[in-house]
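Take a look at the letters that make up each chain.
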Amino acid sequence: QVQLVESGGGLVQPGGSLRLSCAASGSIFRIYDMGWYRQVPGKQRELVAAITDGGSTNYADSVKGRFTISRENAKNTVYLQMNNLKPEDTAVYYCHANIRQAALIPAMPYWGQGTQVTVSS
């Protein structure tokens, strides 16, 4: 069983910063790409940032230059450093990872429970 647990969300003023963390636990053979998605009520979930097991990253245009994704493989953890936050960043942020649990089990997508980020004055 694999779990992704996010932390670090909360209320912050415009221009402020937050760092989200997502730790994978359970039976893990290998973690491939990891990423952060966000969702606003009434809209589809969108990719915010992603990072491969090799360290390559990509970002949504709306967060480029403000957000930084990173990972610490030894801890099975991915981070999202969010700077210069804007009200438009308000959403539930979900951690995502493609994980292989065993040699004979294909990699499967896993999702965290979501953490609320609210940017408001």
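Residues numbered from 1 in each chain as written. Predicted model: local features only at pLDDT ≥ 70, side-chain atom pairs only at ≥ 80, totals over all residues. Heavy atoms only, no water.

Chemist: Mind showing me how you'd approach the overall build of the protein chain here?
Modeler: Looking only at helices and strands, one finds zero helices and eleven strands in the protein chain. Seen in sequence order, the protein chain has helices and strands lined up from the N terminus as β-β-β-β-β-β-β-β-β-β-β. Whereas a compact globule of 121 residues would reach a radius of gyration of roughly 14 Å, the protein chain reaches 14 Å, a difference of no more than 12%. Judged by the C-alpha coordinates and their principal axes, the protein chain covers about 50 × 25 × 25 Å. The buried share of the protein chain, reckoned over its 121 residues, is 39%. Pairs at least 24 residues apart make up 56% of the contacts formed inside the protein chain by residues separated by at least 6 positions. Put simply, the protein chain shows about 6,500 Å² of open surface, and 49% of that area lies on carbon and sulfur atoms. Each charge class in the protein chain can be summarised by its mean position, and for the 11 positive and 8 negative side chains these summaries are 2 Å apart. (Helix = DSSP H or I, 4+ residues; strand = E, 2+ residues; numbered from the N terminus. Rg over C-alpha atoms; globule rule 2.2 N^0.38 Å. Buried < 20%, exposed > 50% of the residue type's maximum accessible area, 1.4 Å probe, protein only. Contact = heavy atoms within 4.5 Å. Areas by Shrake-Rupley, 256 points an atom, 1.4 Å probe, with all protein chains shown as cover. Lys, Arg positive; Asp, Glu negative; His and termini not counted. Charge placed at Lys NZ, Arg CZ, Asp CG, Glu CD.)

Chemist: When you look at the pattern of salt bridges in this model, what are you seeing that I'm missing?
Modeler: Should their charged atoms come close, side chains of opposite charge can pair. By the definition in use, this model includes six salt bridges. Put simply, Asp89 and Arg38 hold a salt bridge, and the shortest N to O gap is 3.0 Å. With Asp89 in the loop between strand 8 (77-82) and strand 9 (91-100) and Arg38 in strand 4 (residues 30-39), this pair connects stretches of sequence that are 51 residues apart. In this pair, the class of Asp89 matches that of Arg38, namely buried. Between Glu72 and Lys75 there is a salt bridge, with the nearest N and O atoms lying 3.8 Å from each other. (Salt bridge = Lys/Arg side-chain N within 4 Å of Asp/Glu carboxyl O.)

Chemist: What should I look at first to understand the packing of aromatic side chains in this one?
Modeler: The relative placement of two aromatic rings is captured by the distance of their centres and the angle of their planes. If you walk through the whole model with that rule in mind, you get one aromatic pair. Between the aromatic rings of Tyr37 and Trp111, the centroid separation amounts to 5.0 Å while the plane-to-plane angle is 65°, which identifies the pairing as edge-to-face. Of this pair, Tyr37 sits in strand 4 while Trp111 sits in strand 10 (residues 108-111), and the two are 74 residues apart along the sequence. For Tyr37, a relative accessible area of 22% corresponds to the partly exposed category. On the accessibility criterion, Trp111 (38% relative accessible area) is partly exposed. Above the face of the Tyr94 ring, Arg45 is positioned so that its terminal group lies 3.7 Å from the ring centre. In this structure, Arg45 is placed above the aromatic ring of Trp111, and the distance from its NZ or CZ to the ring centre is 4.7 Å. (Phe/Tyr/Trp six-rings, centres within 6.5 Å; stacked < 30°, edge-to-face > 60°. Lys NZ or Arg CZ within 6 Å of the ring centre and 35° of its normal.)

Chemist: Looking at this structure, how should I read the environment of Val78?
Modeler: Residue position: Val78 is located in strand 8. Here Val78 falls in the buried class, since its relative accessible area comes to 0%. Taking C-alpha positions, Val78 is 23 Å from Ile105, a pair spaced 27 residues apart along the chain. Sequence-distant contacts of Val78, defined by excluding residues within four places in its chain, comprise Leu20, Ser21, Cys22, Met34, Trp36, Ile51, Ile69, Ser70, Arg71 and Cys95.

Chemist: I would appreciate a short explanation of the nonpolar core in the present structure.
Modeler: The biggest cluster of nonpolar side chains holds 29 residues, and the ones touching the most others in it are Trp36, Leu80, Met82 and Tyr93. Among the elements that take part in this core, strand 9 stands out by supplying five residues, more than any other. With near-sequence residues (within four places) excluded, Met82 lies in contact with Gly16, Ser17, Leu18, Leu20, Arg66, Phe67, Tyr93 and Val117. (Core = buried A, V, L, I, M, F, W, Y, C linked by side-chain atoms within 4.5 Å.)

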